[in-house]
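The chain contents come next:
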Amino acid sequence: MIIVLRPDCTREQQLAFADKLKNDYDVKVNTWEGIHSTVLGLIGDTTQIDIEYIDAQDIVESVKRVQEPYKKANRKFHPENTVIEVAGLKIGDGSLHIMAGPCSVESEEQIVGIAKSVQKSGATFLRGGAFKPRTSPYAFQGLKAEGLDLMKIARKETGLPIVTEIMRTSHIDMFESVDIIQVGARNMQNFELLKELGKTDKPILLKRGLSATIEEWLMSAEYIMAGGNNNVILCERGIRTYENFTRNTLDVSAIPIIKKLSHLPVIVDPSHASGKSWLVEPLAMAAVAAGADGLIIEVHNDPPHALSDGAQSLTPKQFDKVAKKIFKLKEALK
Ligand code: PEP
Ligand code: MN
């Protein structure tokens, strides 16, 4: 961290401030005295330092971080890739996982039928929302606890581990037997939820917020990890841009950027990124080519009658075709 002091700062103030920084934080302070101003360079772990507190000091002209504010999610302090083990499967070990299923669980017949067909096509996880975060309070809100039970029935029938979204802290116990707990885009900065999930050892699929920067997203991962849970899987699901042809804009560059900045696995959701079923295949291919560890894809038995996200859902038959192409591409990239 680099701190530029105001030109009118006295030597006593400067020394007192440097001493305070050394005492309050575990850092070394280097001082460069120029003709017009003095610059302090803080060396060590500056993640605990509140940059706004520094900026608010009378003698400070400006302050800049030169190191990332996240530590546990940072590849600098953990050079090897994190591999997350779930139900005997490994995410982040170089293999490719496809999580597939409907946006919302609608009935036993629907979820079990979809689970069986996506499994045949090579999906390794079943997705399905029981608690749904909808923009409109009048839209289908999910089957809630019943939906969760139906996901478990589908797991029993197929053996596919399940991924489903949590929306509130008080539901953590209810999600005990869920294999991967999804934190949706709208809850990426629900810090109380992140902190509580940090106290569990559950794999967490942390979706990127609609307008979150990569750093904000990694800071949300840091919240979970700071509580002791290192099982975080990042999910790029498109961000808001000025383009409105698609529901969101898939940030393909986030994949290699995350790989560079962090050791956590990253999976991509081409369904929510595009909002259109015909765009799922090319976006999924781009994500795999860019190094994603997996994909999460919405599949519905009857998209025109889906209770949510029908326009972006593939039929099982379309999914089968897309999955074949994806696995072929993955092979070609080896
Ligand atoms: C979902 O997975 O159905 C969902 C609501 O996703 P997101 O949080 O990315 O919008
Ligand atoms: Mn959806």
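(A) Quick peek at the overall build of the chain. On a plain count of helices and strands, the chain comes out with ten helices and 14 strands. On the principal axes, the C-alpha backbone points of the chain span a range of 75 × 45 × 40 Å. Each of the 334 residues in the chain was classed as buried or not, and the buried ones make up 51%. If you take every contact in the chain between residues at least 6 apart in sequence, the share linking residues at least 24 apart comes to 66%. Within the structure as shown, the chain displays about 15,600 Å² of accessible surface, and the carbon and sulfur contribution to it stands at 52%.

(B) The arrangement of the site of ligand 1 in detail. Residues in close proximity to ligand 1 total 13 residues, the closest being R127, A185, R186, K207 and R237. K207 is positioned with one of its side-chain polar atoms (N or O) 2.8 Å from an oxygen atom of ligand 1. Partitioning the shell around ligand 1 into residue classes produces three nonpolar, three polar and seven charged.

(C) Quick peek at the coordination of the manganese ion (ligand 2). At 2.0 to 2.4 Å from the manganese ion (ligand 2) lie its protein donor atoms, namely C103 (SG), H272 (NE2), E298 (OE) and D309 (OD). All donor residues of the manganese ion (ligand 2) come from one chain, and their arrangement in sequence is C-x168-H-x25-E-x10-D. You can see E298 sitting in strand β14 (residues 294–298) and its partner D309 sitting in the loop between β14 and α10 (316–333), a full eleven residues away along the chain. A single burial state applies to E298 and to D309, both of which are buried.

(D) Layout of the packing of helix α6 (residues 214–226) against helix α7 (residues 254–261). Running from N to C, α6 and α7 point in directions that differ by 50 degrees, and their axes come no closer than 11 Å. When the interaxial angle is binned, α6 and α7 end up oblique. For α6 against α7, the interelement crossing comes out right-handed. Facing I214, W217 and L218 of α6, the residues of α7 in contact are A254, I257, I258 and L261. Tallied by class, residues from the contact of α6 with α7 come to seven nonpolar, no polar and no charged.

(E) View of the pattern of salt bridges. The full count for this structure, using the stated rule, is 19 salt bridges. The closest approach of N and O atoms between K22 and D19, which form a salt bridge, is 3.9 Å. Residue K22 and its partner D19 are both found in helix α1 (residues 11–24); the two are separated by three residues, about one turn of the helix. A relative accessible area of 40% places K22 in the partly exposed class. Measuring nitrogen to oxygen at the nearest pair gives 2.7 Å for the salt bridge that ties K324 to D320. In this pair, K324 and D320 both sit in helix α10, four residues apart, roughly one turn of the helix. Owing to a relative accessible area of 25%, D320 belongs among the partly exposed residues under this scheme. Overlapping salt bridges bring together R208, E236 and D251 as one network.

Rules and cut-offs
- Residues numbered from 1 in each chain as written.
- Chains lettered and ligands numbered in written order.
- Predicted model: local features only at pLDDT ≥ 70, side-chain atom pairs only at ≥ 80, totals over all residues.
- Heavy atoms only, no water.
- Helix = DSSP H or I, 4+ residues; strand = E, 2+ residues; numbered from the N terminus.
- Buried < 20%, exposed > 50% of the residue type's maximum accessible area, 1.4 Å probe, protein only.
- Contact = heavy atoms within 4.5 Å.
- Areas by Shrake-Rupley, 256 points an atom, 1.4 Å probe, with all protein chains shown as cover.
- Near = heavy atom within 4 Å.
- Polar contact = N/O pair within 3.5 Å; in protein donor to acceptor, adjacent residues only side chain to side chain.
- Nonpolar A, V, L, I, M, F, W, Y, C, P; charged D, E, K, R; others polar.
- Donors = N, O, S within 2.8 Å, 3.2 Å for Na, K, Ca; no water.
- Axes fitted to C-alpha atoms, helices over the stretch in contact; angles between N-to-C directions.
- Parallel < 35°, antiparallel > 145°, perpendicular 65-115°, else oblique.
- Left-handed = near helix turned anticlockwise from the far one by under 90°.
- Salt bridge = Lys/Arg side-chain N within 4 Å of Asp/Glu carboxyl O.

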